[in-house]
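Here are the chains, one letter per residue:
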Amino acid sequence: MAARKFFLDWPVLRQLRTGDLLGRGPAATSAATRATEPRTATADRVVQSVCPYCAVGCGQRVFVKDEKVVGIEGDPDSPISRGRLCPKGAASTQLVTSPGRQTTVLYRAPRATDWQPLDLHTAIDMIADRFVESRRRTWQDVDDRGRPLYRTMGIAALGGATLDNEENYLIKKLFTAAGAIQIENQARI
């Protein structure tokens with residue numbers, strides 16, 4: 001019986017039996033593939049979102065099961081991307097599901113070899129103190145000829161491609177107000 005079943009499962013006979021003469025449909029699909037169900041089909045809910053990587057704003061559908069992200073796809077209802085995502089957007093599930101994702105602040109003291117966890121509020125206070133001190137120490141009111149400068153050469157900003165237009169706009173305003181003139185974005189470099 002097993003030999004007969006094996007014989008009937010030959011690809012050419014399967015093509016004839018299913019009517020898939022070119023072998024591009026059910027004749028080319030294994031039983032395991034037919035039994036496979038996508039992760040997104042078992043999701044508890046679907047949440048609409050926007051891809052975080054660039055300023056295009058492609059729509060995403062985030063599939064959630066048991067309060068965990070199980071998949072992200074392009075949103076076909078999005079007038080911007082019409083269901084398409086670039087390779088970075090298609091891989092954005094890794095932003096929240098990667099086992100290597102850092103979820104705590106890590107700090108490495110000067111000349112130390114190891115990183116240590118740090119409280120978020122302590123880290124923010126440290127950054128603010130260093131920012132203000134660097135600005136105070138490197139502030140330039142005028143140049144050698146007495147012309148006004150009102151700038152600091154001790155602070156620079158490099159934005160990332162995961163920021164959207166609004167975030168980049170606010171960062172630009174913040175650093176310009178602080179007197180920094182070296183303001184760049186990774187997406188433009």
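This is a predicted model, so every value here is computed, not measured.

J.: Even after reading the chapter, I still don't get the overall build of the chain, so can you show me in this structure?
T.: Broken down by element type, the chain carries 7 helices and 8 strands. Expressed as lengths along the three principal axes of its C-alpha atoms, the size of the chain is roughly 95 × 40 × 30 Å. Within the chain, counting contacts between residues at least 6 apart in sequence, those at least 24 apart form 32% of the total. By element, 57% of the accessible surface of the chain is carried by carbon and sulfur atoms, the whole surface being about 14300 Å². Of the side chains in the chain, 27 bear a positive and 21 a negative charge, and the two mean positions are spaced by 7 Å.

J.: Hey, could you run me through the environment of Cys-54 in this one?
T.: Inspection of the secondary structure assignment puts Cys-54 in the loop between strand E1 (45-50) and strand E2 (59-65). When the C-alpha positions of Cys-54 and Asn-168 are compared, they lie 11 Å apart, and in sequence the two are 114 residues distant.

J.: Help me out: how do you make sense of the side chain of Thr-93 in this one?
T.: Inspection of the secondary structure puts Thr-93 in the loop between helix H4 (87-90) and helix H5 (94-97). The class of Thr-93 is buried, set by a relative accessible area of 17%. With residues near it in sequence (within four places) discarded, Thr-93 still touches Val-69, Gly-71 and Ile-72.

J.: Looking at this model, I keep getting lost on the pattern of salt bridges. Mind explaining?
T.: Opposite charge on two side chains permits them to pair, given that their charged atoms come into close proximity. Tallied over the entire structure, the rule returns 3 salt bridges. As a salt-bridge pair, Arg-45 and Glu-67 come within 2.8 Å of each other at their nearest N and O atoms. Of this pair, Arg-45 sits in strand E1 while Glu-67 sits in the loop between E2 and strand E3 (68-74); the two residues are 22 residues apart in sequence, bridging distant segments of the chain.

Procedures and definitions
Residues numbered from 1 in each chain as written. Predicted model: local features only at pLDDT ≥ 70, side-chain atom pairs only at ≥ 80, totals over all residues. Heavy atoms only, no water. Helix = DSSP H or I, 4+ residues; strand = E, 2+ residues; numbered from the N terminus. Contact = heavy atoms within 4.5 Å. Areas by Shrake-Rupley, 256 points an atom, 1.4 Å probe, with all protein chains shown as cover. Lys, Arg positive; Asp, Glu negative; His and termini not counted. Charge placed at Lys NZ, Arg CZ, Asp CG, Glu CD. Buried < 20%, exposed > 50% of the residue type's maximum accessible area, 1.4 Å probe, protein only. Salt bridge = Lys/Arg side-chain N within 4 Å of Asp/Glu carboxyl O.

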